[in-house]
Amino acid sequence: MSGLSSDRDVSPRAWSGVHRGPLRAGEWVRLTDQKGRRHNFELVAGKRFFSNKGHLDHDELIGREEGFTVSSSVGGQYLVFRPLLSEFVVSMPRGAAVVYPKDAAQIVAMADIFPGADVVEAGVGSGALTCSLLRAVGPHGTVTSYERREEFAEVARRNVTQFFDGGDGEGHPAWRLVLGDLADALPASGDRADRVVLDMLAPWECLEAAAGSLRAGGILCAYVATTTQLSRFVESVRVHGGFTEPQAWESLVRDWHVEGLAVRPGHAMVGHTAFLVTARRMAPGERPPVKKRRPAPGAYGPDYAGPRPPGVPEGTPAE
């Protein structure tokens, strides 16, 4: 097993966005000072990094193995590492809000994104989730990203290309970025998908297109920010009839302070960012059994204006 002890670089054919060995010009690095403040930038030969702790030359970093400490011109100390994907996406240039790592991880796991999968996403935002999807499907899968706004698409293209090949190549071979509305463009393409991920204001508008593209057993996943969006999407999936009962949840992340006997929750946490919803596609012509549940009183009462599940007549409060 001599390969386990090798320090050779990760094969470019893996398209992982990860490198081993000495830092090189064109790569991004992440500097962390003694107070935990972080700085992310691209290494450029002959360039200088400036902060309130003075400056340091990029050439001092290029050629060294990551995981070292460097001092600035006035004695400030920094840890130097390559950024992880989760660190890169929260510091990269943004055109639109990014899907945070805690939600991207949930999407990859709970939507079961696998190597070789055909994945469709809309919209692409700044490319944060796209990077996680591409990492998961690998070079033998496909990720097709639909984005309505050209300015967002361009930002995402630069970010994804920067992460996977330093911005010098033609981009990830598994990725296709389409400028347009998924609701119209996906049916016209005839593409089939194993997974469809919707990150948009009105994902229910793309439900028919997603259903037509998904293979039997495929997974539909939506990322929505508000409870009104959550309700509208879940009920739309139920009324469609071609999916299993949708599952909705959110994740909250809280760090902990650990110092000797002083062990307590951190004062800050990553709270609500979005709700996630998943459902599986039924085979053509098949419908799931009607779930036997008793809705809460008033759940579909006179004030409810959204889609209604089968058996719930309009204007009739649930008993």
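Everything below is about the structure printed above this text.
Before going into details, it helps to say that this report is about the structure given with it. (Residues numbered from 1 in each chain as written. Predicted model: local features only at pLDDT ≥ 70, side-chain atom pairs only at ≥ 80, totals over all residues. Heavy atoms only, no water.)

1. Things to note about the sheet that holds strand 2 (residues 38-42)
Defined as follows: Should DSSP find at least two bridges between two strands, the strands are regarded as paired. Numbering goes from the N terminus for both helices and strands, where a helix is a DSSP run of H or I of at least four residues and a strand is a run of E of at least two. The axes used here are C-alpha line fits, helices contributing only the stretch in contact, and every angle between their N-to-C directions lies in the interval 0 to 180 degrees.
Taken together, 4 strands build an open sheet; the order of strands is 2-1-6-5 and the sheet is antiparallel. Every other strand in the sheet has two partners, leaving strand 2 and strand 5 (68-71) as the edge strands with one partner each. Each strand of the sheet is rotated relative to its neighbour by a mean of 30°, with strand direction disregarded. Summarising the sheet, strand 5 and strand 6 (residues 77-81) pair through 4 bridges and their orientation is antiparallel. Looking at strand 6, one finds that Thr69 is bridged to Leu79.

2. Examining the pairing of strand 14 (residues 262-270)
Where strand 13 (residues 253-259) and strand 14 come together, 6 bridges link them in antiparallel fashion. The partner of Arg254 across the bridge, within strand 14, is Met269. Taken together, strand 13 and the strand that follows it, strand 14, pair antiparallel across an intervening segment of 2 residues, in which Gly260 is found at a positive phi of about 60°.

3. Focus on a nonpolar patch on the surface
Cut-off, in case you're wondering: Patch criteria: residues need more than 30% relative accessible area and no salt bridge. Like-charged residues are merged within 9 Å; nonpolar side chains of Val, Leu, Ile, Met, Phe, Trp and Tyr are merged within 5 Å. Note that accessible areas follow from Shrake-Rupley with a 1.4 Å probe, and for residues the cover is restricted to the protein chains shown. The term salt bridge refers to a side-chain nitrogen of Lys or Arg lying within 4 Å of a carboxyl oxygen of Asp or Glu.
Judged by side-chain polarity, Trp256, Val258 and Val263 come together as a nonpolar surface patch covering roughly 320 Å² of accessible area. Summarising the element assignment, Trp256 is placed in strand 13.

4. As for unusual backbone geometry
Looking along the chain, the bond that leaves Ala122 and enters Gly123 is cis, with omega of -15°. Note that Gly123 resides in the loop between strand 7 (118-122) and helix 3 (128-137). With a phi angle near 45°, Trp15 is a residue other than glycine that sits in the positive phi range. Along the chain, Trp15 turns up in the segment before strand 1 (28-32). Unusually for a residue other than glycine, Asp112 sits at a positive phi of about 55°.

5. Remarks on the environment of His272
Counted only if it meets this: Only heavy atoms enter the contact rule, under which two residues are in contact if any of them lie within 4.5 Å. N or O atoms closer than or at 3.5 Å make up a polar contact, with two conditions inside protein: a donor-capable atom paired with an acceptor-capable one, and, for residues adjacent in sequence, both atoms drawn from side chains.
By the secondary structure assignment, His272 is in the loop between strand 14 and strand 15 (275-280). With sequence-adjacent residues up to four places away left out, His272 is seen in contact with Ala225, Glu250 and Leu252. Here the side chain of His272 touches Ala225 through a polar contact of 2.9 Å, landing on its backbone oxygen. A polar atom in the side chain of His272 sits 2.7 Å from the side chain of Glu250.

6. What to know about the packing of helix 3 against helix 4 (residues 150-165)
Basically, it comes down to this: These descriptions rest on fixed angle ranges, namely under 35 degrees for roughly parallel, over 145 for roughly antiparallel, 65 to 115 for roughly perpendicular, and the rest for oblique. Two helices cross in a left-handed way if the nearer one is turned anticlockwise from the farther one by less than a right angle. They cross in a right-handed way if the turn is clockwise.
The N-to-C vectors of helix 3 and helix 4 enclose an angle of 40°; their axes lie 9 Å apart at closest approach. What the angle tells us is that helix 3 and helix 4 run oblique. The crossing of helix 3 and helix 4 is right-handed. Contacts between helix 3 and helix 4 involve Thr130, Cys131, Leu134 and Arg135 from the first element and Val160, Phe163 and Phe164 from the second.

7. Things to note about the pattern of salt bridges
Think of it this way: side chains of opposite charge can pair up when their charged atoms draw near. Applying the stated criterion across every chain yields a total of 19 salt bridges. With its nearest N and O atoms 3.4 Å apart, the salt bridge here joins Asp112 to Arg195. Placement of the pair is Asp112 in the loop between helix 2 (101-110) and strand 7 and Arg195 in strand 10 (residues 193-199), with a sequence separation of 83 residues. Note that Glu205 is salt-bridged to Arg148, the shortest N-O span being 3.9 Å. Pair noted here: Glu205 is in the loop between strand 10 and helix 6 (207-213) and Arg148 is in the loop between strand 8 (142-147) and helix 4, with a separation of 57 residues, a long-range link. Each of Asp9, Arg24, Glu27, Glu66 and Arg82 takes part in salt bridges that share partners, so that together they form one network.

8. Here's the deal with the packing of helix 2 against helix 3
Spelled out, the test is: As a working rule, the residues Ala, Val, Leu, Ile, Met, Phe, Trp, Tyr, Cys and Pro are called nonpolar, Asp, Glu, Lys and Arg charged, and the rest polar, with Gly in that last group.
Close contact between helix 2 and helix 3 brings their axes to 10 Å; oriented N to C, the two are set at 35°. Relative to helix 3, the crossing made by helix 2 is right-handed. Within the contact between the two elements, helix 2 uses Ala104, Ile107 and Val108 and helix 3 uses Leu129, Ser132 and Ala136. In the contact of helix 2 with helix 3, the residues fall into 5 nonpolar, 1 polar and no charged.

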